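Reading the structure
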Amino acid sequence: MEKINLFMLSLSVKAGKLITGEQSVETAVKKCNVCLLIVPTDASENTKNKFVNKGKYYNIPVLIFGERESLSHAVGKVNRTVFAVTDKGLADRIYKNFSRQQQTD
């Protein structure tokens, strides 16, 4: 199921609906242009807490899954610690796939 989400992230990039990197994502969150935040499981605790709290404050769902390397590779970047999907349809699809995966684990 994680492969589906990696594929959806790569589709988000091709559609121009994905923002990566802490600074860029933080700016987009403040402008209310984000539908879903994704933080890798191997990000620092400070980074996880920071974006979970931002998600709560701005009412944006936050997923913590995958590893930094595999997520970065899926979007054609190197060493990214946070990802933001800006399209509601793509965000919903990724979130639903993640939820299904959690139910079967």
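Notes on the structure follow. Everything numeric here is computed off the predicted structure, so don't read it as measured data.

1. Some details on the nonpolar core
- If you look at the biggest cluster of nonpolar residues, it comprises 16 residues, and the most contacted ones within it are Leu-9, Leu-36, Ile-38, Leu-63, Leu-71, Val-85 and Ile-94.
- Listing elements by their share of this core, those giving two or more residues are α1 (2-14), β2 (36-39), β4 (83-85) and α5 (88-104).
- The dominant element in this core, judged by the number of residues it contributes, is α5, at four residues.
- In this structure, Leu-9 is in contact with Leu-18, Ile-38, Leu-71, Val-75, Val-85 and Ile-94, ignoring residues within four places of it in sequence.
- Grouped together as the second largest cluster of nonpolar side chains are eleven residues, Val-29, Leu-37, Ile-60 and Val-82 included.

2. A closer look at the pattern of salt bridges
- Enumeration over the complete set of coordinates arrives at six salt bridges.
- For Lys-30, the salt bridge goes to Glu-26, with nearest N and O atoms at 3.9 Å. With a gap of four residues between them, Lys-30 and Glu-26 both fall in helix α2 (residues 22-30), about one helical turn apart.
- Close ionic contact of Lys-50 with Glu-26 constitutes a salt bridge, the shortest N to O distance being 3.1 Å. Here Lys-50, found in helix α3 (residues 45-58), pairs with Glu-26, found in helix α2; they are 24 residues apart in sequence, far enough to count as distant.
- Given a relative accessible area of 30%, Lys-50 falls into the partly exposed group.
- Owing to a relative accessible area of 16%, Glu-26 belongs among the buried residues under this scheme.

3. A look at the packing of aromatic side chains
- Taken as a whole and judged by the stated rule, the model has two aromatic pairs.
- Ring geometry for Tyr-57 against Tyr-58: centres 4.9 Å apart, planes inclined by 80°, an arrangement best described as edge-to-face.
- For Tyr-57, a relative accessible area of 67% translates into the label exposed.
- Measuring from centroid to centroid gives 5.6 Å for Phe-65 and Phe-98, while their planes differ by 40°, and the two rings are tilted. Taken together, the residues span a long stretch of sequence, with Phe-65 in the loop between β3 (62-64) and α4 (68-74) and Phe-98 in helix α5 at a distance of 33 residues.

4. Points about the sheet that holds β2
- Read from one edge to the other, the open sheet built from four strands follows the order β1-β4-β2-β3, with strand pairing classed as mixed. Edge positions in the open sheet fall to β1 (18-20) and β3, since each of these has one partner strand only. Geometrically, the sheet is characterised by an average inter-axis angle of 20° between neighbouring strands, direction not taken into account.
- In this structure, β2 lies alongside β3, joined through three bridges in parallel fashion. By the bridge assignment, Leu-37 is partnered in β3 with Val-62.
- Strand contacts of α2: β1, β2 and β4, with the helix running at about 130° to β1, the strand carrying the most contacts.

The rules behind each value
Residues numbered from 1 in each chain as written. Predicted model: local features only at pLDDT ≥ 70, side-chain atom pairs only at ≥ 80, totals over all residues. Heavy atoms only, no water. Core = buried A, V, L, I, M, F, W, Y, C linked by side-chain atoms within 4.5 Å. Buried < 20%, exposed > 50% of the residue type's maximum accessible area, 1.4 Å probe, protein only. Helix = DSSP H or I, 4+ residues; strand = E, 2+ residues; numbered from the N terminus. Contact = heavy atoms within 4.5 Å. Salt bridge = Lys/Arg side-chain N within 4 Å of Asp/Glu carboxyl O. Phe/Tyr/Trp six-rings, centres within 6.5 Å; stacked < 30°, edge-to-face > 60°. Pairing = 2+ DSSP bridges. Axes fitted to C-alpha atoms, helices over the stretch in contact; angles between N-to-C directions.

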